[in-house]
Structures are given as structure tokens and as C-alpha cells.
Amino acid sequence: MRIGILGSGLMGGKLGTLFARAGHDVVFSYAQSEQKLKQLARKAQGHARAGTPADAARDADALLLAVHWSRVDDVLKQVGDIGGKVLVTCSLPMNADNTDLVIAHTSSGAETLAKKVRRAHVVSAFGTLPSEVLFGVFEAKRRSSRPTLVYCGDDKAAKGVAATLIRDVGFDPVDAGPLRIARYLEPFSLLMGQLAYEGEGGPELAYRFERFPS
Ligand SMILES: NC(=O)c1ccc[n+]([C@@H]2O[C@H](COP(=O)([O-])OP(=O)(O)OC[C@H]3O[C@@H](n4cnc5c(N)ncnc54)[C@H](OP(=O)(O)O)[C@@H]3O)[C@@H](O)[C@H]2O)c1
């Protein structure tokens, strides 16, 4: 697939690198220096290049949104029309100092985003993990017991694309249902962050959901 990365920091930089290593064509966009985007593309060891958000969206099969909540409107303005495209978001609706969700309980960042880009197909995925686990999960991806990763969205085909990307990084995708489930996933992401950075496990922490027979 052709994947456009909108926000090439901790999450976007790592996920874009792993998508390229899994064989996808990746365009890294939206950082404060073009130099950084070029360096990411060089180091990705696959088909990757640097571009603008509009370049990232052109002919993309999927876009990854990985910016701070305060940058969402700016990146969407730069990207232009993304009608009909798959927009996978790991962006959490955090306040300026990243201490709290600014949207929660009755809505979510993902649902708010979907209202901003009505004709795109939004899937919420990858936000429930600290970025530190991504390379380790990718390197261990042939193991039979993989960590799970929950995702949600309203469009079946878009969810299929997201599930492929989740698998390519090394997780077992778990379909949590429609996009409104993001109101529960986003607070769950905060729990994961809390456990990763303040618990005893350290940031190298992923999760696995098991189904028990009734
Ligand atoms: N980090 C995690 O472990 C994690 C986990 C789950 C969810 N999330 C969510 O994922 C999203 C991205 O987080 P992140 O940690 O990847 O953030 P980040 O490292 O700060 O990356 C954000 C990207 O946006 C770019 N950017 C910021 N201001 C810009 C501007 N004025 N012009 C152009 N580019 C600009 C940054 O450029 P520079 O690189 O040049 O600064 C960077 O590439 C957030 O919504 C966060 O809540 C993060």
C-alpha cells in the first residue's frame, strides 16, 4: 500500500519506518524540519520518501494521523481534500501539557476528527500503546503469541486496511466495534501510558486480550 504519514514524530516516525520495512511505500510528512523527514526516509530501509502533507495524501491507500491534538486542524488544512481515503488516527485529544483528555465520555477525538473530515473513513488504532514498544513488537512478529491491539471504526473496508497495518507491525488486531468505541479506547490509552511510564513495567509494555471459554 501507499501510506502517508501526517506527523513524523515518536509515533509517526516509528510506525512509518515499520510500514516501510513491511514493504509499503511511505511518505513522511509534517515535522518542523524537512531535514528530519528526509533522514527518517533514508533510515527506513524501504520505499520511503519525505514530502508535504498534500504529497503524503496523493494516491495514498491510507493516511496515519500522528500529531498533537492542537496540530490537527493545521495538518488537515495542509493535506487538502481526503474524501474517500482511509485515515488511521493514533492522535489522542490531549490538552496542551498532555495531562488530560479534552474530549471524553460522550465523544472522543476520533469521532470529533470524523466530523472534521466527513468524507474520509476514520479508524482509531495504535493510540493504546507507548511508541517505545513498536520496534520490539515488529522484531518479535513471527512469535505465535503476539500482543493484541484494539481498533475501531465505522467503515468495513477501512477497518480491513487498518487491520492489515496492525498485523504488519506485529500485533493481533482486535476489532472493538464502531468508531464511538474510541470514547473508551482513548481513556484506556491513558491507563496504558500511566502503567508504562509510572508503573513498574517501564515503557516497554504492550497488552494482550485473552478470550476465556464460558
Ligand atoms: N508517543 C507515544 O507514545 C504516543 C502513544 C499513543 C498515542 N500518542 C498520540 O499520538 C500523537 C503523536 O504523538 P507523538 O508522541 O508522536 O508526538 P511528537 O513526537 O511530538 O510528533 C508530532 C509531530 O508533529 C510535528 N509538529 C509539531 N508541531 C509542528 C508544526 N508547527 N509544524 C510542523 N510539524 C509539527 C512534530 O515535528 P518535530 O518532530 O519536528 O517536532 C512531529 O513530527 C499525539 O496525539 C499523541 O497523543 C502518542
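Residues numbered from 1 in each chain as written. Predicted model: local features only at pLDDT ≥ 70, side-chain atom pairs only at ≥ 80, totals over all residues. Heavy atoms only, no water.

Note that glycine 16 resides in helix H1 (residues 10–21). According to the relative accessible area criterion, glycine 16 is buried, its value standing at 0%. Glycine 16 sits 100 residues away from lysine 116 along the chain, and the two C-alpha atoms are 24 Å apart. (Helix = DSSP H or I, 4+ residues; strand = E, 2+ residues; numbered from the N terminus. Buried < 20%, exposed > 50% of the residue type's maximum accessible area, 1.4 Å probe, protein only.)

Here we come to the pattern of salt bridges. Evaluated as defined, the whole model comprises nine salt bridges. With a shortest N-O distance of 3.0 Å, arginine 58 and aspartate 55 are connected by a salt bridge. Its salt-bridge partner being arginine 183, residue glutamate 111 comes within 2.6 Å of it at the nearest N-O pair. Taken as a pair, glutamate 111 in helix H5 (residues 109–116) and arginine 183 in helix H8 (residues 182–198) lie far apart in primary sequence, 72 residues in all. Residue classification places glutamate 111 among the buried residues on the basis of a relative accessible area of 12%. Through salt bridges that share partners, Asp172, Arg208 and Glu210 make up one connected network. (Salt bridge = Lys/Arg side-chain N within 4 Å of Asp/Glu carboxyl O.)

Around the ligand lies a shell of 20 residues, among which Met11, Gln32, Lys36, Val67 and Ser131 are the nearest. Methionine 11 places a polar main-chain atom, nitrogen or oxygen, 2.8 Å from an oxygen atom of the ligand. A distance of 3.1 Å separates a nitrogen atom of the ligand from a polar atom in the side chain of arginine 71. Burial of the ligand by the surrounding chains reaches 76%, relative to a free accessible area of 890 Å². (Near = heavy atom within 4 Å. Polar contact = N/O pair within 3.5 Å; in protein donor to acceptor, adjacent residues only side chain to side chain. Areas by Shrake-Rupley, 256 points an atom, 1.4 Å probe, with all protein chains shown as cover.)

End to end, H1 covers 17 Å across twelve residues, agreeing with the expected 16 Å (1.5 Å per residue, within 8%). Most of H1 sits out of view: nine of its twelve residues are buried. Taken as a whole, H1 has its buried residues at Met11, Gly12, Gly13, Leu15, Gly16, Thr17, Leu18, Phe19 and Ala20. Glycine 23, located one to two residues past H1, shows a positive phi value of around 110°. (Expected span 1.5 Å × (residues − 1).)

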